[in-house]
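Summary of structural features
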Amino acid sequence: MSVNAFLRQGFIPFDEGVLSQTSRLTEVAPVLRERALAAAGAVGRPDQATFIGIGASLAALAAPVAHLSARGIPSVRLNAAQAGPFDETTTLVALSQSGRSRETVDVMRAATGRKLAVVNVTDSPMAAAADSVLTLGDLPDSLASTIGFTASAMAVSMLAETWTDGEPSPTWLSLGERLAGFLDATSAQAEEIADRLSAASIIDLVAPADQYGVAESGALLLREVTRVPAASFETRQYLHGLMESTHPSTLHVVLDGPDDGQILRALGSLGRQIVELRTGAPVVHGERTLVVPVEAHNPLEIPVFVAALLQQVALRSARARGIDPDEFLFLDTGTKLDDGE
């Protein structure tokens, strides 16, 4: 079974991962800063970069890629199952927390240019295939990823900032403490979102293109932990017809974006259930809209804040629905490399 080597790395319970995450992010932030500096120096500032991953790892790459492209380093993010081949002119950055995602490792092994692996499990096939490695340091993680996702997003963001600004932002060093304050302040809102989720038949998560990973990772997490059908949509695409399937039993989770609140006003006029993740100015919305201000210091922090909030929601909803968040129905689907592969 190809999943055996993956499972041998060991996993902590989801609730432990959720509850311990902020303190562990505080501990790991200075270590990741030094590792990001070293990795960026080893690879050198790229003229252009391609980032690959799959699942939650792919989602964690969205904000860093947008950051780089906006600051003069053209970058793209590709699903590893659709990526390649790449030639020697491409700087390839691959993210796989386990270092065993079959599609991502295959692309890394075939690439001939500069290759940087971002992994949690240091002794892994993807790390072996890379020229340089940025490791999270074998952090204990849950099967439905908690710190594995948030620390990955932090590490790749630090890498991107080093390439554009010379070093990671110092705000990462206070993120764990600020995140803990955010989660305390939004505890009642997380409980209400969980109640709404448990009553929903489907969840639509919507985010702008530069933060699309927020919707992708959120949909994956809620599917895995609560088993409620959830899907991710980009803001402008959602306006182009995808929101027509809205239903009174749909829960809409919307990160503000380039629509100037049009999605919120349109859904609010129908009395739909909405959670507005607000990073900017207030929007006029319906009375059934729950507003959660996301108090990130910069756009690269937003995925971490939203992920931590949705992890709290997922845990509460799973408990209410009698679902074990550590029990997965489908693990051995051939997506992980076994020993010797």
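A brief look at the structure comes next.

**Quick word on the pattern of salt bridges**
Side chains that differ in charge, positive against negative, can pair when their charged atoms come close. Enumeration over the complete set of coordinates arrives at eight salt bridges. Among the ionic pairs, Arg178 bridges to Glu301, the shortest N-O distance being 2.7 Å. Here the residue Arg178 occupies a position in helix H8 (residues 175-185), and Glu301 occupies one in the loop between strand S10 (289-293) and helix H13 (302-321), the gap between them amounting to 123 residues. In terms of burial, Arg178 and Glu301 fall into one category: buried. Counted as one network, the salt bridges with shared partners bring together Arg33, Glu34 and Glu167.

**Describing the nonpolar core**
Core analysis: the biggest nonpolar cluster contains 85 residues, and Leu25, Phe51, Trp163, Leu179, Ile203, Leu205 and Leu277 have the highest contact counts within it. In terms of residues, this core owes the most to one element, H13, which gives twelve residues. With near-sequence residues (within four places) excluded, Leu205 lies in contact with Ala215, Gly218, Ala219, Leu222, Ala230, Ala231, Ser232, Phe233, Val253 and Leu310. Judged by nonpolar contacts, the second largest core, of 17 residues, contains Leu92, Val107, Val119 and Met126.

**A few points about the sheet that holds strand S8 (residues 250-255)**
If you trace the five strands from one edge of the open sheet to the other, you get S7-S6-S8-S9-S10, paired in parallel fashion. Only two strands of the sheet have a single partner each, and these edge strands are strand S7 (230-234) and S10. Sheet twist, expressed as the mean angle between neighbouring strand axes with direction ignored, is 15°. In this fold helix H9 (residues 187-199) packs onto strand S6 (202-207), S8, strand S9 (273-278) and S10, with an angle of close to 140° to the strand it touches most, S10.

Definitions and limits used
Residues numbered from 1 in each chain as written. Predicted model: local features only at pLDDT ≥ 70, side-chain atom pairs only at ≥ 80, totals over all residues. Heavy atoms only, no water. Salt bridge = Lys/Arg side-chain N within 4 Å of Asp/Glu carboxyl O. Helix = DSSP H or I, 4+ residues; strand = E, 2+ residues; numbered from the N terminus. Buried < 20%, exposed > 50% of the residue type's maximum accessible area, 1.4 Å probe, protein only. Core = buried A, V, L, I, M, F, W, Y, C linked by side-chain atoms within 4.5 Å. Contact = heavy atoms within 4.5 Å. Pairing = 2+ DSSP bridges. Axes fitted to C-alpha atoms, helices over the stretch in contact; angles between N-to-C directions.

Geometric descriptors of this kind do not, in isolation, establish any biological role.
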